[in-house]
Structure formats: C-alpha cells, structure tokens
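# Secondary and tertiary structure notes
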Amino acid sequence: MTDLTSLTLADARDRLRRREFSAAELAEAHLTAIEKARALNAYVLETPDRARAMAHAADARLAAGDARPLEGLALGVKDMFATKDVRTTACSRILDNFLPTYESTVSAHLWRDGAVMLGKLNNDEFAMGSSNESSFFGPAISPWRRRAANTPLVPGGSSGGSAAAVAAQLCLGATGTDTGGSIRQPAAFTGIVGIKPTYGRCSRWGIVAFASSLDQAGPFARTVRDAAILLTSMAGHDPKDTTSVDLPVPDYEAAVGRSIKGMKIGLPKEYRVEGMATEIEKLWELGAQWLAAAGAEIVTVSLPHTKYALPAYYIVAPAEASSNLARYDGVRYGLRVPGRDVAHMYQNTRAAGFGKEVRRRIMIGTYVLSAGYYDAYYLRAQKVRTLIKRDFEQVFAAGVDAMLAPATPSAAFAVGEKGGRDPVEMYLNDVFTVPVNLAGLPGISVPGGLSADGLPLGLQLIGRPFGEGTLFSLANVIEQAAGRFSPERWW
Amino acid sequence: MSVDPDTVRRIAQLARIAVAEDEIEHLRGELNAILAFVEQLSQVDVEGVEPMTSVIPMEMKKRPDIVTDGGIPDAILKNAPAAEEHFFVVPKVVE
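Computed from a prediction, not measured in an experiment: that's the story for all the values here. (Residues numbered from 1 in each chain as written. Chains lettered and ligands numbered in written order. Predicted model: local features only at pLDDT ≥ 70, side-chain atom pairs only at ≥ 80, totals over all residues. Heavy atoms only, no water.)

Turning next to the overall build of chain B. Within chain B one finds three helices and two strands. Of the regular secondary structure in chain B, the N- to C-terminal order runs α-α-α-β-β. A compact globule built from 95 residues should have a C-alpha radius of gyration of about 12 Å, whereas chain B, at 22 Å, is more than 25% larger. The C-alpha extent of chain B, read off along each of the three principal axes, is 55 × 45 × 25 Å. Going through the 95 residues of chain B one by one, you find that 29% of them count as buried. Restricting the contact set of chain B to residue pairs at least 6 apart, pairs at least 24 apart contribute 25%. Accessible area for chain B stands at about 6600 Å²; split by element, carbon and sulfur atoms hold 54% of it. (Helix = DSSP H or I, 4+ residues; strand = E, 2+ residues; numbered from the N terminus. Rg over C-alpha atoms; globule rule 2.2 N^0.38 Å. Buried < 20%, exposed > 50% of the residue type's maximum accessible area, 1.4 Å probe, protein only. Contact = heavy atoms within 4.5 Å. Areas by Shrake-Rupley, 256 points an atom, 1.4 Å probe, with all protein chains shown as cover.)

Counting secondary structure elements, chain A contains 15 helices and 11 strands. Taken over the C-alpha trace, chain A has a radius of gyration of 21 Å; the compact-globule value for 491 residues is 23 Å, and the two agree within 12%. C-alpha extents for chain A along the principal axes are approximately 65 × 50 × 50 Å. In chain A, which comprises 491 residues, the proportion classed as buried is 66%. When contacts within chain A are restricted to residue pairs at least 6 apart in sequence, those whose partners lie at least 24 apart make up 77%. As displayed, chain A offers around 15800 Å² of accessible surface, 50% of which is attributable to carbon and sulfur atoms. Taken together, the 53 basic and 50 acidic charged side chains of chain A have centroids lying 2 Å from each other. (Lys, Arg positive; Asp, Glu negative; His and termini not counted. Charge placed at Lys NZ, Arg CZ, Asp CG, Glu CD.)

Looking now at the sheet that holds strand 2 (residues 74-78) of chain A. All names here are of chain A. Pairing is mixed across the open sheet formed by 11 strands, whose spatial order is 1-3-2-4-6-5-10-11-9-7-8. The open sheet has two free edges, formed respectively by strand 1 (43-46) and strand 8 (297-301), since each of these has just one partner strand. Between one strand axis and the next, the sheet turns by 30° as a mean value, whatever way the strands run. With two bridges joining them, strand 2 and strand 4 (residues 173-178) adopt parallel strand pairing. In the sheet register, Leu-75 faces strand 4, and the bridge partner there is Gly-173. Across the sheet, helix 15 (residues 468-482) touches strand 5 (193-196), strand 7 (264-268), strand 9 (402-406), strand 10 (443-450) and strand 11 (456-463), and the angle it forms with strand 10 is around 5°. (Pairing = 2+ DSSP bridges. Axes fitted to C-alpha atoms, helices over the stretch in contact; angles between N-to-C directions.)

The interhelical angle for the contact between helix 11 (residues 356-369) of chain A and helix 1 (residues 5-14) of chain B, taken along N-to-C directions, is 100°, at an axis separation of 9 Å. It follows that helix 11 of chain A is roughly perpendicular to helix 1 of chain B by the angle criterion. Where helix 11 of chain A approaches helix 1 of chain B, its residues Met-363, Thr-366 and Tyr-367 of chain A are matched on the opposing element by Thr-7, Val-8, Ile-11, Ala-12 and Leu-14 of chain B. Here the contact of helix 11 of chain A with helix 1 of chain B is composed, by residue class, of six nonpolar, two polar and no charged. (Parallel < 35°, antiparallel > 145°, perpendicular 65-115°, else oblique. Nonpolar A, V, L, I, M, F, W, Y, C, P; charged D, E, K, R; others polar.)

Residue position: Thr-7 of chain B is located in helix 1. At a separation of 2.5 Å, a polar atom in the side chain of Thr-7 of chain B contacts the side chain of Asp-4 of chain B. (Polar contact = N/O pair within 3.5 Å; in protein donor to acceptor, adjacent residues only side chain to side chain.)

Okay, the layout of surface pockets next. Residues and elements named next belong to chain A. Computed from the structure, the largest pocket encloses a volume of approximately 1100 Å³. Residue lining of the largest pocket: 33 residues in total, with Tyr-102, Trp-205, Gly-206, Lys-240 and Arg-327 positioned closest to the centre. Taken together, the residues of the lining of the largest pocket break down into 15 nonpolar, eight polar and 10 charged. What the second largest pocket holds in volume is close to 480 Å³. Around the second largest pocket, the lining is made up of 28 residues, and of these Glu-133, Ser-134, Lys-356, Glu-357 and Arg-360 lie nearest the centre. (1 Å grid on protein atoms, 1.4 Å probe; cavity = no way out; pocket = protein on both sides within 12 Å on 5 of 7 lines; lining within 4 Å. Points joined across faces, edges and corners; volume = space filled by probe spheres on them.)

Okay, the packing of helix 1 (residues 9-17) of chain A against helix 7 (residues 224-234) of chain A next. Residue and element names in this part refer to chain A. Viewed as axis vectors pointing N to C, helix 1 and helix 7 meet at an angle of 70°, and their least axial separation amounts to 8 Å. Put simply, helix 1 runs roughly perpendicular to helix 7. Counting all contacts with helix 1, which are made through Leu-9, Ala-10 and Arg-13, the residues of helix 7 involved are Arg-225, Asp-226, Ile-229 and Leu-230. Split into classes, the residues belonging to the contact of helix 1 with helix 7 amount to four nonpolar, no polar and three charged.

On to the nonpolar core. Across soluble globular proteins, you tend to see nonpolar side chains buried next to one another. Residues and elements named next belong to chain A. Residues Phe-126, Leu-170, Leu-291, Phe-392, Leu-404 and Phe-472 are the most contacted members of the largest nonpolar core, which totals 185 residues. Element by element, the count of residues in this core is highest for helix 9 (residues 309-324), at 10 residues. Among all residues touching Phe-126, those that are not within four sequence positions of it are Met-80, Ala-90, Ser-92, Ile-94, Leu-95, Val-208, Phe-210, Leu-325, Tyr-328, Phe-354 and Val-358. (Core = buried A, V, L, I, M, F, W, Y, C linked by side-chain atoms within 4.5 Å.)

The subject of this paragraph is the packing of aromatic side chains. Residues and elements named next belong to chain A. Taken as a whole and judged by the stated rule, the model has 17 aromatic pairs over all chains. Summarising the aromatic geometry, the rings of Tyr-252 and Phe-472 are spaced 5.6 Å apart at their centres and angled 55° between planes, so their arrangement reads as tilted. Linking Tyr-252 in the loop between helix 7 and strand 7 with Phe-472 in helix 15, this pair joins segments that are 220 residues apart in sequence. With respect to burial, Tyr-252 and Phe-472 carry one shared label: buried. Between Tyr-271 and Phe-432, the ring centres sit 5.6 Å apart and the planes meet at 15°, which makes this aromatic pair stacked. Residue Tyr-271 is found in the loop between strand 7 and helix 8 (278-293), and its partner Phe-432 is found in the loop between helix 13 (423-427) and helix 14 (434-439); the two are separated by 161 residues along the sequence. Its relative accessible area of 0% is what places Tyr-271 among the buried residues. Ring pairs connect the aromatic residues Phe-98, Phe-126, Tyr-328, Tyr-333 and Phe-354, which therefore count as one cluster. Here the basic side chain of Arg-145 rests over the ring of Trp-490, its NZ or CZ set 3.7 Å away from the ring centre. (Phe/Tyr/Trp six-rings, centres within 6.5 Å; stacked < 30°, edge-to-face > 60°. Lys NZ or Arg CZ within 6 Å of the ring centre and 35° of its normal.)

Encoded structure:
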C-alpha cells in the first residue's frame, strides 16, 4: 500500500469512504511520520491520544455509512487557535501552559465535520514574523533545502509550522492565520497551497488576536482542491464574531476545475518592484501565459498606492497588537513574574513573557497611539488604507475578475539570514501580500515552479470580496500547468 | 520623527514592559528604523480621505442587551496564576 501520508486530502477522503483503509490507520501513519520529523520542529504539541480517539470515532461513522465531509482526515492546527483542553500558547512564553476552556469556531467547524487533530503547529510568536524564527519553541525548519546544500531554511511565517507540516506530509492539511501574508508566504516557500479568505469569511472567535482588522484564518493543503475542501468547512457565519459575515458558504470544491474562459485577469504594474529577481518576474509571466492559454484575458492594471501598503501596515498592525496584547498582564492566565507592587508585576511579567519582535511591535504600537502622535501616524495610516482599498475597488469596477502577482519577492532564505540588524529587512518579505490584508480581500498562493536553487516559488491570485471560488478555479489552472512539488526527504 | 532615550523609557512605561537601561540604546535604534520606514506615509495626499473603520462594508451587528453567558467561575479562573475563592489574586494595591 502507498504511504498513507502521501495522499491528497481528497484522495484520503474518498478512499476512507471506500473503506480501503481506516481512519485509525491514517492517523497512525501520520503520528509515525511526525515522530520521525521532529527535526523540523513543525509541531509544538503532538496530541496522539486525541488523534486516536477522534480517528476511532470517525471509523465508527464510516462503518455506519454516516461520514461527515472531513470524516477521519488528519489535520494540524496552528497554535494561534484555542483548542479546548489542549495547550494553546501562540508560541509565546507569556501564555505559558494556557489550557483553553473553549474551542475556536474555525477548529470547531473542522471537528464538527469529522476531522482528526494530530497536534498544534509552530508559528512566529503571536503570529508576528515572516520566518517562524520568533517562536518561543524555536524556529520551524523547512523540509526544503537548496540543491546540493544542507543549510537549514525557514518555512516562512508566521504559519511556518503549518506549512512545513503540510509540505513534509505530517498532516493532510492545516489551519493558518494571515495578518500580512502569514498563510500565503509560507505556502509559497514550501511549495503548497494556502488561501487567506475575505475578511469576515472565517470567524476570528477563539483565535489569539494579533491585529483584529487584518487577521483571517485559512487553510494550507498540498492541492487546490484540498484547500477548497478545508475552507468550505472552516468558513461560515458566527454570531460570536461581529465582523463575521452572514453569507452562505459555497461548495468551494465545485469551483475546482471550472472554466476560466473569458475571465479578465489584471497584472498590477506596481508589483514589478525595483530589483525584483529575474526568476520571479519570469514565473509571473509564465503564470499569465497559463491563464491566457486557458482562455483568460490578461490586462495590465494599476494600484497606485501599493508602495504605501507596507508602511501603513507597520502602523496599523502594531497599533492593534499593542491594544490586543494589553490583556497579558499576569492576572487572568499565563505567566506571572512577581514585582514589588502590581505595576511592577505587570512590567516584569510582560518583559519576561514577550520575545523581542513582539516587544518591538507593542512599543511601536504604543507610540503611534500615544497622545500627540495618533493623528500623524495611526489616523493617517487608516486614511492611506482607504486609498489602497479604493485602488483595488477601481480595478474590479473596470471588470477585472482577479489579479495575478508573485507571492513573495524571493524563494525561502536561511535561518538567521534576515532581520538580525534591521527589523525592516524582514518586513519587506510581505510586500506583495500586505496590501491584500489592508483591503480585506481574498488571496491564494499556489506553487508555480522552482528557483534556480531548486526551491519552490509561489504565485498569488487576488480576488474580489468573497470571490474565493474564482480563486480556486484560477489556481487550479496554474496547478494543472505547473504541476506539484515535494521536497526530498532528509529528516 | 525619531525617538530619544527618554521617549523609549516612556513608551516602555506606557506599554508596561520593564526595559533594562542597557537595552534602551538598541531599542531606540530599532524603533527609529521602523519610524523612518513608515515616514513615507507623509508623502501621501490624504486630504478629504475618510479613515478606514470597517474592512467589509456591513451594518454593525447588534444583539439584545441581555446576559447570554455566565455562571462559570471555575472555567474563568482555571488558568489564573493565583486565585482564591473565585477571585483573581493580585499583589496588594492599597496599603
């Protein structure tokens, strides 16, 4: 029998239903693979007992012919999602051994549909980062290596553990969160598919908050179809999140394979940034050719405020983070470090509990929101955000169905290579993904090819609000043309 | 705009994060690098532009102002670093 961990989620689903193997066998195969892959540091908590119990229950449903949409499918969950009675830390020391007494809505949807939880996945502390190096549990390592080299590479971030686990076949799919690119960039770095849905498509309830007006949950998977299946389950209205949208969830899987003939695809000319790597530019052209060959019309479009997206993001996101992270004070949960009075207890707790990147962002956020600076920084950034969103709206109003752009400015970099001296160096990684979060739009990253070094490169498709189905149709065309990519096993 | 060491101390105080004296200079450099980066926004003409307040245009949802949850003190205190008789315990505030 083929290694069960190498199946796509859709194949595993169909074969489970045909009883070719059991959910217990599928879970066991993954648990074994996880044990052998600890060098990747993808999982920060393995939950084999829970996985076995859930698989057992799934087998009973399968035997009774009562299978739910994800019955018995083994998944990993980013450590940003609160999981009931299972340690949830956002990979920060300040959450210590936090045991939620509730389940996030998105993960609850997956279990409602019969999925099996394998464990919690590594991420940058509080999802702040683009390399997974800021995790309190140490960096997650990419299963990919440059050709003929063994330098450890980052899987991207912040959802680095999710991306590494899916690419290394340590789960069939995984959840992620994307505030500025945290699903799309790691998906691109590891040669898999990741989608950030429209803001409001998935409930944020029970997800550790980073920047509330930007955060969105979404899936990682090895194929476009698998990502579509997962999003169908994760999405949906939730009265517990007032920004969650009350719109029916389409069957996204039905969009995979749908014709894209006659669709108008925009190539935003401002994304052709100075010093862009030739191989990225070539891949972008190739992507446009693939879509054109499938009947799409390719047009050049303009998003004039693109270059202001990153600076606006690095005001809005830290401002919201400084407010959201005020709750970690050593009183209600998590770490407490004593002090001579309550104020010193707060200060000592927060000094010991937050890592350097998180501290930096809280301080920037505190500064831009402080008296006398609010108008100059925060208010101005929110006005620029309106302009960025308007750019997209004008392009869509002109009849463009989606935009095609690179997902990242380069392939994956080495652990320790970036951001050591200047934090801004790391921030520049998100140049193609951040505008999409600022505008609240859906964006999907799909593998397009390999770099000269043999590393995956991703293409990004940006859709209209709630145009996820269109993105799956388009991404499928790219996947068909580009093929799929898996790393050589070295771990 | 750039920050001086006193401003770094003030921000740390506002953020309730203890910062050691020997970290101030390094932090100042990092914060100034970020502030220099976001300075580009001053080039944008935002005259007459409304700040974004809602990502997806939608009516603010409301619900009746009634108690919908509660009576779960054990669950609420489960993760508290210090709790006594259904209360969070903090260091003494008033002498």
